[in-house]
Every structure is written in structure tokens, then in C-alpha cells.
Amino acid sequence: MWGGSIRERWFSSLAQYFIKFLQAYAADGVKVQAITVNNEVDTNQDGHFPATLWGQQYEMGFMTKHLAPAIEQASLDTKMWILDNNYDLWGRVVDELSNSAVYKYVDGVAWHSYAGAPEAMTRVHDMFPEKYMYFTEGASGSPF
């Protein structure tokens, strides 16, 4: 809970947890339009609060082999976004969207403004114009 990463053997169970979450919200009238694997996939928050590291290969494998198929099997139309982290990780986004399986399932990229420059969104969008760029988190003093 205070850093670390999830083991691959739990990916299927985690995907089912996402499905139960999405279905429970829908049953109460709240349609979740999009999800990410984890907020800030590339930071453990130095133990300040619970966080899980998601290496690029794990995010890609979880989404393409577990989460996307589970969403399809449950007949949900919830979109998936990758990264959910800072502009300075734009290279990771390019690598992920260059993978045909990730590209197929991902609607867009969730960006934060704590590190790097917002031009990263333009750079990625120019390479993958069919994918959406979403600004999802920032704070006072961070470069918008």
C-alpha cells in the first residue's frame, strides 16, 4: 500500500474489480465514462500516501490482456486512458501508442502538469491524431 507494484498474477482479479466497480456505479445511475489503470503510474509518492508503481510493460499488458477484454465481455463502453501522469513522460506514451494492441483499446492520454511542458500533448497528438489528450490534474504553480 505504501509503494511497490502489483504482481502480474493478480491482473485478472484486478480487471474483475474494475468491472464490478463500473457495474456498481452504473446500477446506481452513475456512468463512468473513462478509467486509467492508476493515478500517477510512475511514482510511489515517497510514502506520503498509498501508491502503486506501474511499469510501462505492466500497464500495457494489464490493459490489453485483462482490462480491455473484461470491459468488452461485460458489454461496457467505458473508455481507457493511459499514463495519468506528467508531461515529461511523453516518450512512454509514444511507446505505448506505437503498440497496436494498446492503440486499439486506448481512447486517449490523461496528463498532469507537475513536470515537463504542455507541448508534450501537442507532440503526442501530432503523432497520433486519432487519440485524445486530456488534462486531468494540476496544481497552483504547476505549468499549465
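Further up the page is the structure itself.
Residues numbered from 1 in each chain as written. Predicted model: local features only at pLDDT ≥ 70, side-chain atom pairs only at ≥ 80, totals over all residues. Heavy atoms only, no water.

> What am I meant to see in the environment of Tyr-87 here?
In this fold, Tyr-87 is placed in the loop between strand E4 (79-86) and helix H3 (90-97). A C-alpha to C-alpha distance of 5.8 Å links Tyr-87 and Ala-117, two positions 30 residues apart in sequence. (Helix = DSSP H or I, 4+ residues; strand = E, 2+ residues; numbered from the N terminus.)

> Looking at this structure, I do not really get H3. What am I missing?
One full turn of an α-helix is made of 3.6 residues, so residues set three or four places apart face in the same direction. Within the sequence span of H3, burial applies to Arg-92, Val-93, Val-94, Glu-96 and Leu-97. On its buried face, H3 is in contact with helix H2 (56-73), E4, helix H4 (100-105), strand E5 (106-112) and helix H5 (119-127). (Buried < 20%, exposed > 50% of the residue type's maximum accessible area, 1.4 Å probe, protein only. Contact = heavy atoms within 4.5 Å.)

> Explanation requested: the pairing of E5 in the structure shown.
A regular strand carries its side chains on alternate faces of the sheet. Among the seven residues that make up E5, seven are buried, leaving the element largely enclosed by the rest of the structure. Bridge count for E4 against E5 is six bridges, and the pairing is parallel. From the neighbouring strand, Leu-83 faces E5, where its bridge partner is Ala-110. With five bridges joining them, E5 and strand E6 (residues 132-137) adopt parallel strand pairing. In the sheet register, Gly-108 faces E6, and the bridge partner there is Tyr-132. (Pairing = 2+ DSSP bridges.)

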